Amino acid sequence: MSAAIRAEGHTVRIPVDIRGEAGWVHAATSVDFTACRGRVHAVVGESGCGKTTLATAILGMLPAGTRAGGHLEYVDPNGRATALTGEGRAAAARTAGLRGRQIGYVPQSAATYLTPVRRVGAQLRETLRELRGQATAEELLDRVHLDPAALEAFPHELSGGMLQRAALAFALAGDPDVLVADEPISGLDPHLAQLTLGLLRSIADSGTAVVLITHDLQALALSGTADELSVMYAGRIIETGPAVRILTAPAERYTADLLAALPANGLHPMPGLPPELTNLPPDYTYADRLRAAAELEADHVR
Amino acid sequence: MPAQAPLLSGRQAGRRHRRADLRTIIFRRCVLAVPVVLGVSLLVFLLAGISPFNPLTAYLGDRYVQASVEQRQQLAEALNLETSWFSAWLQWIGSALTGDLGYSRVFRQPVTAVLSERMPWTLLVAGTGLFLAVVSSLLMAVRCAYRPGGFLDRAVGAGATVLQGLPPFVISLGLLGVFAVAAGWLPGGGLADPGAELSAGQVARHMVLPVLATALSQLPWLVLSLRTSTAGIQASDAVRGARLRGLSERTVVRKHVLPAALAPFIAVLGSRLPEVIVGAVLIETVFSWPGLAAAVVSSAQALDFALLAALTVLTTITVLAASLLADLLYMLLDPRVTADV
């Protein structure tokens, strides 16, 4: 079990400008994270907790002006590490060389992922050509259980579920070592979500490291897709370990509350609101949110 | 997968539907063009009728004063100036349908002869100029799209904005002043040097400046609109997606940014044709180019209504045809666009 993505103390600050006032988004703080070949490592948490920024960082596509600290690197099968963060042209060229070939990406919004005026097949073959993929377009579609007739279609002529699987086929074109799936099942019905998760599982079983970013704990718990699970809150990974253990016996209060909020466990709402990541206090934890929620409730009662 | 079968066959039905839509659009626009063309020609004759200018004065020039009242009367009858503007229009429509567009007083030959003689020269200059403007604006926009907000992008934007502020006759006179008068490198007017044989080489040398003036006056609009649409597309999910799946910058710009930017560009091009025609009138006049656009000016000055009506109707048809062509191309370039029929 060799690590393909390794993060140690990975910290990301993204500059923002809110109504003329400059600020920093604390998108990741001291993140330690490892994704191994042949395994599915799921990252869960509420919206706005920094999950997508982790995906963006792994693909080397953080916005310009971002400050990154600590380490985030790709480790190839021979153990050679390449840093994924850093500024300037050299860093950009480094990560551009990895994208598609070593690190594949499954997007959140498959509906807008392809260029609308060109056919799916033309774009898939172009990607195969450019990434020097060994498979044919038909073989890739077969791997994601999609009718080869989809190659002749324009993106808007396919359904959301078909586009999601087509996007998976694009991610597989370069036969990547790591696959980052950013909310691949949001907006899919339960049946299609399970199908997509099953595909990701089989991709991991063929030796790829899969990083699965989702807020859909329900689908994750049902399918048993994930091997490892990391829970993210306010830019930090607060709990990480075997998925089965965390889903059944969480160590953190936050994880327990997330699980209690699932329909199957009684739909108990999460207390309070998730924090804004802009100019977050350095020692902020879930306890602060619980305290604020309790105060708000006390005010309300009075 | 059986679940996909209805979706994909629905797609084929959609394609058939689109082809039917295209035919409907062409048919509808052609039918609608008839009242528009009739209305425009009617307006020309109405304006001629209420115009305070006397065509006879224009026809006779200095001789008008010397001509007797009877002579004037005879001539007016011969030239068919006595009928009301409405019956003149009816006569014109009737003979136009048989292919006879009347007689041009200013060029002293049938209108059809004037049109067939001058049309090629206008098409040569306006067509070459527009082609040059389209090609160079596409090339420039592609270069700019590599680095939005970069030096080249901003320089092209500023240059185009300045150029857009200059009317075609200023551009023409500027080119004339620099290249023909000051430098003397290129001839400044006509089709050929005085006394020279009308040869391809002569025409090629003489058309350089008018073509350049046409291209320069059309270029800024095209560049600016193309630049705006490529900038929007650069920020789209699809282009970000193309980068995320590891495509090279070259492929991203040529195969993803440009094709998506092309449809709105074609729409701008279609709506720009009236401007091209107005520009051609000014440019052909400045460079004494014997085209149709210059004939508009001569026929208007001489109150040569037969020619003026023919040219106006021809312009109307050209504009209608161009906007139809642009709409059809837009539909062909962007598969998401459905015809509003």
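What counts, and where the lines are drawn
- All chains use their own residue numbering, which begins from 1 and follows the written sequence.
- Chain A is the first chain written and ligand 1 is the first ligand written, with later ones labelled in order.
- At least 70 in pLDDT is required for a residue's local features to be given in this predicted model, at least 80 for side-chain atom pairs to be given and counted, and no such filter applies to totals for whole chains, interfaces and linings, which use all residues.
- Only DSSP runs of H or I with at least four residues qualify as helices, and only runs of E with at least two residues qualify as strands; both kinds are numbered from the N terminus onward.
- Each radius of gyration reported is based on C-alpha atoms, and the globular scaling rule is 2.2 Å times the count of residues to the power 0.38.
- In this scheme every C-beta is placed from the backbone, and a residue whose C-beta has 20 or more other C-beta atoms within 10 Å is buried, one with 12 or fewer is exposed, and one in between is partly exposed.
- Contacts here follow a simple rule: the backbone-placed C-beta atoms of the two residues must lie within 7 Å.
- Expected span of a helix, by definition, is 1.5 Å for each gap between consecutive residues, and there is one gap fewer than residues.
- Each C-beta atom gives one direction from the helix axis, and the arc is the one those directions make.
- Domain start and stop positions are those given by an automatic or database domain assignment.
- As a working rule, the residues Ala, Val, Leu, Ile, Met, Phe, Trp, Tyr, Cys and Pro are called nonpolar, Asp, Glu, Lys and Arg charged, and the rest polar, with Gly in that last group.
- Between any two strands, pairing holds if DSSP finds at least two bridges.
- Every angle, taken between N-to-C directions, lies between 0 and 180 degrees, and every axis is a line fitted to C-alpha atoms, over only the stretch in contact when it is a helix.
- Buried Ala, Val, Leu, Ile, Met, Phe, Trp, Tyr and Cys residues form a nonpolar core when they are connected through C-beta atoms within 7 Å.
- Note that the term roughly parallel is reserved for angles under 35 degrees, roughly antiparallel for angles over 145, roughly perpendicular for angles of 65 to 115, and oblique for everything else.
- By convention the crossing between two helices is left-handed if the near helix lies anticlockwise of the far one by an angle smaller than a right angle, and right-handed if it lies clockwise.

*Asks:* So what exactly am I meant to see when it comes to the overall build of chain B here?
*Replies:* Helix and strand counts for chain B stand at 14 helices and two strands. Its C-alpha radius of gyration of 25 Å places chain B more than 25% over the 20 Å reference for a compact globule of 341 residues. The principal-axis extent of the C-alpha atoms belonging to chain B is close to 90 × 60 × 35 Å. When burial is assessed residue by residue, chain B has 30% of its 341 residues classed as buried. Sequence separation of at least 24 residues holds for 73% of the intrachain contacts in chain B that already meet a minimum separation of 6.

*Asks:* It is not clear to me how helix α6 (residues 190-205) of chain A should be interpreted in this structure. Could you clarify?
*Replies:* Think of an α-helix as turning once every 3.6 residues; residues three or four places apart then point the same way. Residue and element names in this part refer to chain A. For α6, which comprises 16 residues, the first-to-last C-alpha distance of 22 Å matches the rise-based estimate of 22 Å (1.5 Å per residue) to within 8%. For α6, every residue scored as buried is listed here: Ala193, Thr196, Leu197, Leu199, Leu200, Ile203 and Ala204. With its buried residues spanning 155° around the axis, α6 presents them on a single face. Exposed and oriented more than 90 degrees from the buried face of α6 are His191, Ser202 and Asp205. In the segment just after α6, Gly207 is the residue with positive phi, at about 110°.

*Asks:* Looking at this structure, I do not really get the domain arrangement of chain A. What am I missing?
*Replies:* Put simply, an interface is often sized by how much accessible area is lost when its parts join up. Residues and elements named next belong to chain A. What the domain assignment lists for chain A is domain 1 (3-102 + 176-301) and domain 2 (112-174). Domain 1 and domain 2 are separated by 26 Å when their C-alpha centres are compared. At the interface, ten residues of domain 1 touch eight residues of domain 2. For the side of domain 1 that touches domain 2, the class distribution of residues is six nonpolar, three polar and one charged.

*Asks:* Sorry, what's going on with the interface of chain A and chain B here?
*Replies:* On the chain B side, the residues contacting the 31 residues of chain A number 24 residues. Broken down by secondary-structure element, the contributors of at least two residues to the side of chain A that touches chain B are α3 (120-131) and α5 (160-172) of chain A. Examining the composition of the side of chain A that touches chain B, we find that four residues originate from one element, α3 of chain A, more than from any other.

*Asks:* Would you explain the sheet that holds strand β3 (residues 40-44) of chain A in this entry?
*Replies:* By definition, the strands of a sheet pair up through backbone hydrogen bonds, in either a parallel or an antiparallel sense. Residue and element names in this part refer to chain A. Strand order in the open sheet formed by six strands is β6-β7-β8-β3-β9-β10, with mixed pairing between adjacent strands. At either margin of the open sheet sits one strand with a lone partner, and together these are β6 (103-106) and β10 (236-242). Adjacent strand axes in the sheet meet at a mean angle of 15° when their direction is disregarded. Strand direction decides the pairing type here: β3 and strand β8 (residues 209-214), joined by five bridges, are parallel. Across the sheet, the residue bridging to Val44 is Thr214, located in β8.

*Asks:* Honestly, the pairing of strand β9 (residues 228-233) of chain A in this entry has me stumped. Any pointers?
*Replies:* Within a regular strand, side chains alternate between the sheet's two faces. Residue and element names in this part refer to chain A. With six of six residues buried, β9 is to be regarded as a mostly interior element. Of the two faces of β9, both are covered, the one formed by Glu228, Ser230 and Met232 as well as the one formed by Leu229, Val231 and Tyr233. Sheet topology note: the β3/β9 ladder contains four bridges and is parallel. Paired with Val43 across the two strands is Ser230, which belongs to β9.

*Asks:* It is not clear to me how the environment of Ala158 of chain B should be interpreted in this structure. Could you clarify?
*Replies:* Residue placement: Ala158 of chain B occurs in helix α7 (residues 151-164). Each C-alpha atom of the pair Ala158 of chain B and Pro220 of chain B lies 9.8 Å from the other, and the pair is 62 residues apart in sequence.

*Asks:* Please clarify how the sheet that holds strand β2 (residues 21-36) of chain A should be interpreted in this entry.
*Replies:* Residue and element names in this part refer to chain A. A sheet is described by the order of its strands in space; here four strands give the open sequence β2-β1-β4-β5, paired in antiparallel fashion. Every interior strand has two partners, whereas the edge strands, β2 and β5 (81-83), have only one. Averaged over neighbouring strand pairs, the angle between their axes works out to 25° when direction is ignored. Along the sheet, helix α1 (residues 51-58) makes contact with β1 (3-18), β2 and β4 (67-75), crossing β2 at roughly 70°.

*Asks:* I'm lost on the nonpolar core in this one. Help?
*Replies:* Side chains that are nonpolar tend, in soluble globular proteins, to be buried together. All names here are of chain A. Ile58, Ala166, Ala169, Val178, Val180, Val210 and Val211 are the most contacted members of the largest nonpolar core, which has 160 residues in total. Both of domain 1 (3-102 + 176-301) and domain 2 (112-174) provide at least three residues apiece to this core. Non-local contacts of Val210, meaning those with residues more than four positions away in its chain, are made with Val40, His41, Leu179, Ala181, Leu200, Ile203 and Ala204.

*Asks:* Which parts of the structure should I look at to understand the environment of Asp205 of chain A?
*Replies:* Tracing the backbone through its elements, the reader meets Asp205 of chain A in helix α6. Sequence separation between Asp205 of chain A and Arg37 of chain A is 168 residues, and the spatial gap between their C-alpha atoms is 8.7 Å.

*Asks:* Please clarify how unusual backbone geometry should be interpreted in this entry.
*Replies:* In most cases, non-glycine residues show a negative phi, while peptide bonds are predominantly trans. Non-glycine residue Leu267 of chain A carries a positive phi angle of around 55°. Residue Leu267 of chain A is classed as exposed on the basis of its 9 C-beta neighbours within 10 Å. One non-glycine residue, Ser288 of chain B, adopts positive backbone phi at about 40°. By the element assignment, Ser288 of chain B lies in the loop between α12 (273-286) and α13 (292-301).

*Asks:* So what exactly am I meant to see when it comes to the packing of helix α10 (residues 237-244) of chain B against helix α11 (residues 249-271) of chain B here?
*Replies:* What describes two packed helices is the angle between their axes and the distance between those same axes. Residue and element names in this part refer to chain B. With their axes 10 Å apart at the nearest point, α10 and α11 run at an angle of 150° to one another. It follows that α10 is roughly antiparallel to α11 by the angle criterion. Where α10 crosses over α11, the handedness of that crossing is right-handed. Of the residues in α11, those in contact with Ala238, Val239, Ala242 and Arg243 of α10 are Val252, His256 and Val257.

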